[in-house]
Amino acid sequence: MAGPERETRGIVDAPDLFTHVRFRLRDPAPALRHHLEHYWLIDWDLPRPYTSHVVPHPSVHLVFQRTESGSVAERAGSAEVYGVVEGLFSQRLEGRGRVCGVKFRPGAFRPFAPDRPVSEWTGRRVPADEALAAPVAGPSASATARAVLDPADEDDRVAALDTYLLPLVPPPDAQAELATELAELVRTDRSLLRVDALARAGGMSVRSLQRLFSAYVGVGPKWVILRHRIHEALQRAGADPEPDWAALAADLGYSDQAHLVRDFTATVGVPPAAFARR
């Protein structure tokens with residue numbers, strides 16, 4: 001199970017979301033952990049519609065989903081690959097439903113779909129069978145949806161996800177490993193605030209870094225750096241109703257407070273001070 005910070009970072013108003021849905025993170029099988037951050041499981045039964053909002057991470061997701069109030073196809077369940085979402089991700093939930101999601105580590109999805117750069121999936125939702133390299137004799141993702149979504153016991157759902165994904169584990173890919181390592185460095189090293197500094201850490205030129213991120217992460221390194229800045233600002237605004245925005249802007253590498261306010265507002269939809277008050 002991931003720690004509390006990793007559970008909520010990027011969720012806009014996590015306490016409110018958790019009053020409307022049941023949300024859990026689960027670890028995949030050990031052989032998958034090099035490629036996946038975690039599984040995420042959501043169930044809901046709502047008397048009225050609710051819309052969740054998330055400032056997404058630079059990750060690709062495999063999403064199995066079923067809603068009981070939708071069309072026949074939606075009740076049967078779907079399996080889709082969600083590319084990196086560059087803006088705010090909003091999802092309307094209503095009636096009863098269930099999601100079993102797979103969060104790939106930034107940079108780690110490409111070996112599972114080696115024929116196309118990850119940037120081709122950015123901002124898109126596509127059928128999983130279109131994106132993933134299916135095992136020769138294994139079930140399709142769409143056929144797996146029922147096995148993943150049906151069980152009442154979440155251990156059985158996790159086992160079904162493992163069963164589907166283990167045959168897909170790709171051979172080692174040095175470029176994917178480098179992209180994952182650099183994306184993780186951005187997340188963990190708060191002093192890395194410039195693309196040229198990240199390029200030096202990877203021992204490459206800025207242009208080579210940009211090509212690597214386009215092919216393996218799906219967005220550019222500047223976007224990844226900025227997104228982690230916004231996640232940090234969102235986290236602090238949620239914890240302190242009156243944060244020192246000027247000091248926070250300086251901590252996050254902004255030249256001034258106005259630039260932080262502009263990026264935060266463009267991403268979250270409201271200025272940071274209004275978000276903190278809310």
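Computed from a predicted model, the values in this text were never measured in an experiment.

**Quick word on the packing of helix 7 (residues 174-188) against helix 10 (residues 221-239)**
Contact geometry of helix 7 with helix 10 gives a least axis separation of 9 Å together with a crossing angle of 30°. With respect to their mutual orientation, helix 7 and helix 10 come out roughly parallel. The crossing of helix 7 and helix 10 is right-handed. Between helix 7 and helix 10, the contacting residues are Ala 183, Val 186 and Arg 187 on the first element and Val 224, Ile 225 and His 228 on the second.

**Points about the environment of Arg 187**
Along the chain, the position of Arg 187 falls in helix 7. As for Arg 187 and Phe 23, which are separated by 164 residues in sequence, their C-alpha atoms are 23 Å apart. Among the polar contacts listed, one links the side chain of Arg 187 to the side chain of Glu 184, at a separation of 2.7 Å.

**Some words on the packing of aromatic side chains**
We describe a pair of aromatic rings using the distance from one ring centre to the other and the angle between the two ring planes. Within the structure shown, the criterion is met by six aromatic pairs. Ring geometry for Phe 104 against Phe 109: centres 5.0 Å apart, planes inclined by 85°, an arrangement best described as edge-to-face. With respect to burial, Phe 104 and Phe 109 carry one shared label: buried. An aromatic cluster of at least three residues, connected via ring pairs, comprises Phe 104, Phe 109 and Phe 112.

**Observations regarding empty space enclosed by the protein**
Overall, the coordinates contain five cavities of 30 Å³ or more when judged by the stated rule. Computed from the structure, the largest cavity encloses a volume of approximately 580 Å³. Taken together, 28 residues form the lining of the largest cavity, with Trp 40, Ile 42, Val 54, His 61 and Phe 89 sitting closest to its centre. A per-element tally of the lining of the largest cavity places strand 2 (residues 36-45) first, with four residues. In the lining of the largest cavity, the residues fall into 16 nonpolar, eight polar and four charged. A volume near 110 Å³ is recorded for the second largest cavity. Contributing to the lining of the second largest cavity are Val 186, Arg 187, Asp 189, Arg 190, Leu 192, Leu 193, Ile 225, His 228, Arg 229, Asp 251 and Leu 252. Secondary-structure elements contributing two or more residues to the lining of the second largest cavity are helix 7 and helix 10. With three residues, the single largest contributor to the lining of the second largest cavity is helix 10. Residues that form the lining of the second largest cavity fall into these classes: five nonpolar, one polar and five charged.

**Here we look at the pairing of strand 4 (residues 61-67)**
Of all seven residues in strand 4, seven are buried; the element is thus mostly enclosed. Of the two faces of strand 4, the one carrying His 61, Val 63, Gln 65 and Thr 67 and the one carrying Leu 62, Phe 64 and Arg 66 are both buried. Inspection of the sheet shows strand 4 paired to strand 5 (residues 78-82) by five bridges, in the antiparallel sense. Looking at the pairing, Leu 62 lines up with Val 81 of strand 5. In this sheet, strand 7 (residues 96-104) lies alongside strand 4 in antiparallel orientation, the contact comprising seven bridges. Bridge assignment links His 61 to a residue of strand 7, and that residue is Lys 103.

**Some details on the sheet that holds strand 4**
Sheet architecture is open: six strands sit in the order 1-2-7-4-5-8, paired in antiparallel fashion. Unpaired on one side and paired on the other, strand 1 (22-26) and strand 8 (125-127) mark the two borders of the sheet. Between one strand and the next, the sheet's axes are offset by a mean angle of 25°, whatever the strand orientation. Strands in contact with helix 5 (residues 141-149) are strand 4, strand 5 and strand 7; relative to strand 4, the strand with the most contacts, it is inclined by about 65°.

**Notes on the pattern of salt bridges**
Summed over the entire model, instances satisfying the criterion amount to 22 salt bridges. Between Arg 92 and Glu 94 there is a salt bridge; the shortest N-O distance is 3.5 Å. Because the salt bridges share partners, they merge into one network encompassing Arg 22, Arg 24, Arg 26, Asp 43, Arg 98, Glu 154, Asp 155 and Arg 157.

**Some points on unusual backbone geometry**
Backbone geometry places Asp 13, a non-glycine residue, at a positive phi of 60°. With respect to the helices and strands, the residue Asp 13 is situated in the loop between helix 1 (4-8) and helix 2 (14-20).

**A word on the packing of helix 10 against helix 12 (residues 257-268)**
Two elements in contact, helix 10 and helix 12, have axes separated by 10 Å at closest approach and are oriented at 90°. Taken together, the axis directions place helix 10 and helix 12 in an arrangement best described as roughly perpendicular. Of the residues in helix 12, those in contact with Leu 226, Arg 227, Ile 230, Ala 233 and Leu 234 of helix 10 are Leu 260, Asp 263, Phe 264, Thr 267 and Val 268. The residue inventory of the contact of helix 10 with helix 12, partitioned by class, reads seven nonpolar, one polar and two charged.

Calculation notes
Residues numbered from 1 in each chain as written. Predicted model: local features only at pLDDT ≥ 70, side-chain atom pairs only at ≥ 80, totals over all residues. Heavy atoms only, no water. Axes fitted to C-alpha atoms, helices over the stretch in contact; angles between N-to-C directions. Helix = DSSP H or I, 4+ residues; strand = E, 2+ residues; numbered from the N terminus. Parallel < 35°, antiparallel > 145°, perpendicular 65-115°, else oblique. Left-handed = near helix turned anticlockwise from the far one by under 90°. Contact = heavy atoms within 4.5 Å. Polar contact = N/O pair within 3.5 Å; in protein donor to acceptor, adjacent residues only side chain to side chain. Phe/Tyr/Trp six-rings, centres within 6.5 Å; stacked < 30°, edge-to-face > 60°. Buried < 20%, exposed > 50% of the residue type's maximum accessible area, 1.4 Å probe, protein only. 1 Å grid on protein atoms, 1.4 Å probe; cavity = no way out; pocket = protein on both sides within 12 Å on 5 of 7 lines; lining within 4 Å. Points joined across faces, edges and corners; volume = space filled by probe spheres on them. Nonpolar A, V, L, I, M, F, W, Y, C, P; charged D, E, K, R; others polar. Pairing = 2+ DSSP bridges. Salt bridge = Lys/Arg side-chain N within 4 Å of Asp/Glu carboxyl O.

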